[in-house]
Amino acid sequence: MTLRRVLSLSAASATLLPMAVAAAPASQAVPAADLPTCSDLDTAHGQYHSNTFVGRTFGIPRSITLGTNWTTYTATLTNASAKQLKSFALTAELGSYVYNEGERDLSPYGDLEYWDTSRHVWKTLRRADGKAGGTVPGPTTLEPRASVHVQLRFRVHEDLPLDQAYDAFTGIVGTSVDHYRDTECSVHGNADGSFAPHKG
């Protein structure tokens, strides 16, 4: 996923907020996935404000050592708008931005897990294409000023080639459906942080 991290705030030394991940299952369908973004609908008018979400991460270091050790962190997304967010869905990501032809994504070389608060176990997130990431269970609506908190952990394998620089990141993405200019559209918000991988 290449969503920009404009709403992300990293505070590794901040006090952790209480864990409040909803135990409700993820919605069976995410209508927002097939909708245009509200920002795309707004290119000619400049009236839609994409300040729906405020995201923060706690515990992502600036660099990590490749290997088997896990790095645990917390990601928080808050509904900063005055309205209820509908068709809300959460995904978690681990990867790197690819800017030039021939560069590789870090994601297939990493592992990403979230803490299942109902079963008290770590659960792996892996997409069908082999990349680390996927859907995290959570509420399907989010009230104004309400937050979701997700505890995650990640690692990057020692076989990651270090023949290039990686603009690596990990975190969560929240998506919801809004109604703008007589059209249903999707709104996205990120809570993630950057890191650099290196050999031990």
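Just above sits the structure.
In this text the structure is predicted, and so the values were computed from the model without any measurement.

K.L.:
Looking at this model, I keep getting lost on the packing of aromatic side chains. Mind explaining?
P.N.:
The way to describe two aromatic rings as a pair is by their centre distance and the angle between their planes. Considering all chains together, one arrives at 6 aromatic pairs under this definition. Note on Phe154 and Phe195: the rings are 4.9 Å apart at their centroids and 40° apart in plane angle, and the pair reads as tilted. Taken together, the residues Phe154 in strand S9 (residues 147-156) and Phe195 in strand S11 (residues 183-198) connect sequence positions 41 residues apart. For Phe195, a relative accessible area of 4% gives the class buried. One aromatic cluster is present, built from ring pairs that chain together Tyr73, Phe154 and Phe195. Positioned over the ring face of Trp70 is Arg153, at 4.2 Å from the centre of the ring.

K.L.:
How do you make sense of the sheet that holds strand S3 (residues 63-65) when you look at a structure like this?
P.N.:
Either a parallel or an antiparallel arrangement is found when strands of a sheet pair, and the pairing is made through backbone hydrogen bonds. Pairing within the open sheet is mixed, and its 5 strands lie in the order S3-S11-S10-S5-S8. In this open sheet, the two strands that pair with only one neighbour each are S3 and strand S8 (133-136). Neighbour-to-neighbour, the strand axes of this sheet turn through a mean angle of 30°, independent of strand direction. Direction of pairing for S3 relative to S11: parallel, over a ladder of 3 bridges. The partner of Ser63 across the bridge, within S11, is Ala196.

K.L.:
Would you mind showing me how to read the pairing of strand S4 (residues 71-79) here?
P.N.:
Consecutive side chains along a regular strand alternate between the two faces of the sheet. Of all 9 residues that make up S4, 7 are buried, and the element is covered over most of its length. Bridging between strand S2 (residues 53-58) and S4 involves 6 bridges; their strand directions are antiparallel. Pairing of Phe58 across the sheet is with Thr74, part of S4. As defined by bridge partners, S4 adjoins S9 across 8 bridges and the pair is classed as antiparallel. Bridging across to S9, Leu77 finds its partner in Val148.

K.L.:
Explain the pattern of salt bridges here, please?
P.N.:
Side chains bearing opposite charge may pair, as long as their charged atoms lie close to each other. Enumeration according to the criterion identifies 8 salt bridges in this entry. Notably, a salt bridge pairs Asp163 with Arg104, separated by 2.6 Å at the nearest N-O pair. Placement of Asp163 in the loop between S9 and strand S10 (167-180) and of Arg104 in the loop between strand S5 (86-97) and strand S6 (110-116) is noted, with a sequence separation of 59 residues between them. What makes Arg104 partly exposed here is its relative accessible area of 23%. Between Asp116 and Lys123 there is a salt bridge, with its nearest N and O atoms 3.1 Å apart. Salt bridges linked by common partners bring Asp111, Arg126 and Arg155 together as one network.

K.L.:
Would you explain the environment of Thr175 in this entry?
P.N.:
Relative to the elements of secondary structure, Thr175 occurs in strand S10. At 3.2 Å, the side chain of Thr175 forms a polar contact with the side chain of His188.

K.L.:
Could you clarify how one ought to interpret the side chain of Gln164 in this entry?
P.N.:
Summarising the element assignment, Gln164 is placed in the loop between S9 and S10. A polar side-chain atom of Gln164 sits 3.0 Å from the main-chain amide nitrogen of Arg104. Setting aside residues up to four positions removed in sequence, Gln164 forms contacts with Gly102, Glu103 and Arg104.

K.L.:
What is the right way to look at the state of the cysteines in this model?
P.N.:
Formally, a disulfide is one covalent bond, and it connects the sulfur atom of one cysteine to the sulfur atom of another. Counting across every chain of the model gives 1 disulfide. Two residues share a disulfide in this structure: Cys38 and Cys185, whose sulfurs sit 2.0 Å from each other. Disulfide Cys38 to Cys185: torsion about the S-S bond roughly 90°, handedness right-handed. Residue Cys38 is found in helix H1 (residues 38-41), and its partner Cys185 is found in strand S11; the two are separated by 147 residues along the sequence.

Here is what the cut-offs are and how they apply
- Residues numbered from 1 in each chain as written.
- Predicted model: local features only at pLDDT ≥ 70, side-chain atom pairs only at ≥ 80, totals over all residues.
- Heavy atoms only, no water.
- Phe/Tyr/Trp six-rings, centres within 6.5 Å; stacked < 30°, edge-to-face > 60°.
- Helix = DSSP H or I, 4+ residues; strand = E, 2+ residues; numbered from the N terminus.
- Buried < 20%, exposed > 50% of the residue type's maximum accessible area, 1.4 Å probe, protein only.
- Lys NZ or Arg CZ within 6 Å of the ring centre and 35° of its normal.
- Pairing = 2+ DSSP bridges.
- Axes fitted to C-alpha atoms, helices over the stretch in contact; angles between N-to-C directions.
- Salt bridge = Lys/Arg side-chain N within 4 Å of Asp/Glu carboxyl O.
- Polar contact = N/O pair within 3.5 Å; in protein donor to acceptor, adjacent residues only side chain to side chain.
- Contact = heavy atoms within 4.5 Å.
- Disulfide = S-S within 2.5 Å.

Limitation: the analysis is restricted to geometry and does not speak to function.
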